[in-house]
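The chain contents come next:
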Amino acid sequence: MTCGTVPPDRHHRSWRAPAATGLAGLLIGVLLASVLACKTAPPPPPPVVPPAPPEVPQVVPTPPPQPLLVRVTGSRLNVREAPGTDRRTIAKVKKGERLEVIAEEGKWLQVKFGKDKTGWVHSDYVSREAPGAPCLADKPEAELLTEPTLSFSSGPTLGKVVIEASVDSHGEVVATKLVENSTGDPGLVQFAEDEVRKLRFSPPIQHCRPVPFTYVYTRTF
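This one's a predicted model, so the numbers in the text were calculated from it and none came from an experiment. (Residues numbered from 1 in each chain as written. Predicted model: local features only at pLDDT ≥ 70, side-chain atom pairs only at ≥ 80, totals over all residues. Heavy atoms only, no water.)

Things to note about the overall build of the protein
Across its full length, the protein carries two helices and 14 strands. Here the protein holds 221 residues, and 25% of them are scored as buried. Considering only residue pairs separated by 6 or more positions, the protein has 59% of its internal contacts joining residues 24 or more positions apart. Only carbon and sulfur atoms are counted for the fraction: they give 59% of the accessible area of the protein, which is about 16400 Å². (Helix = DSSP H or I, 4+ residues; strand = E, 2+ residues; numbered from the N terminus. Buried < 20%, exposed > 50% of the residue type's maximum accessible area, 1.4 Å probe, protein only. Contact = heavy atoms within 4.5 Å. Areas by Shrake-Rupley, 256 points an atom, 1.4 Å probe, with all protein chains shown as cover.)

A closer look at helix 2 (residues 186-197)
The α-helix winds at 3.6 residues per turn, so residues separated by three or four positions along the chain end up facing the same way. Between the first and last C-alpha of helix 2 there are 17 Å, a value that for 12 residues agrees with the 16 Å anticipated at 1.5 Å per step. If you follow the buried residues of helix 2, they end up packed against strand 9 (160-167), strand 10 (173-181) and strand 14 (213-220). Two or three places before Gly187, at the opening of helix 2, Asp185 has a side-chain oxygen 2.9 Å from that residue's backbone nitrogen. (Expected span 1.5 Å × (residues − 1). Polar contact = N/O pair within 3.5 Å; in protein donor to acceptor, adjacent residues only side chain to side chain.)

Quick notes on the pattern of salt bridges
Inspection of the entire model under this criterion finds seven salt bridges. For Glu104, the salt bridge identified is with Arg128, shortest N-O distance 3.2 Å. With Glu104 in strand 4 (residues 98-105) and Arg128 in strand 7 (residues 126-129), this pair connects stretches of sequence that are 24 residues apart. Given a relative accessible area of 47%, Glu104 falls into the partly exposed group. The salt bridge partner of Asp124 is Lys107, with a shortest N-O separation of 2.8 Å. On the criterion of sequence distance, the pair formed by Asp124 in the loop between strand 6 (117-122) and strand 7 and Lys107 in the loop between strand 4 and strand 5 (108-113) is long-range, its members being 17 residues apart. Given a relative accessible area of 44%, Asp124 falls into the partly exposed group. On the basis of relative accessibility, which here comes to 44%, the residue Lys107 falls in the partly exposed class. Residues joined by salt bridges that share partners form a network here, namely Arg71, Arg98 and Glu129. (Salt bridge = Lys/Arg side-chain N within 4 Å of Asp/Glu carboxyl O.)

Okay, structure coming up:
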């Protein structure tokens, strides 16, 4: 590249710019063009984010329904082959037995009893139980939880008093009946009754349920 002509010197020779000056200018031009190209180039597109997978709702399994249970309240309840008092009796169930209900028709319930047997009972003679009610292990006899507080006299033996106590399903004495009094003293009968009413029991268990019972209390004076 020629930068221009200068006046001749005393030797009448012309002067030229060194060749390196043209090369440097070319390099500077290339660099400026690169810088301008970088400033004017469009920005790169944003990265493509893949869409999130659809959220799958969690399915919670539904627990199986609890069976509907009833307990016999009548002393002996007829189980019939079909709903109705005119239908044939196929079995009898005792008071306190637990039955599973599988169908209802009006006031009649179809129940399971025995070993895979079914029949119909009237709902007036059973009571419904809450689903999942615990079944207590059968226990044929009652247990005495509190011992009576006895006081003995140092004198001669006067005799004995025998009290028959009615105990409810909670293990509490609810009534007493005099069976024998060989002492001849009504005051000692009252004393024995007061003692027996303070007793507490664990009742017998029949068909998963505590039941009332009778306890005979003998007191020697």
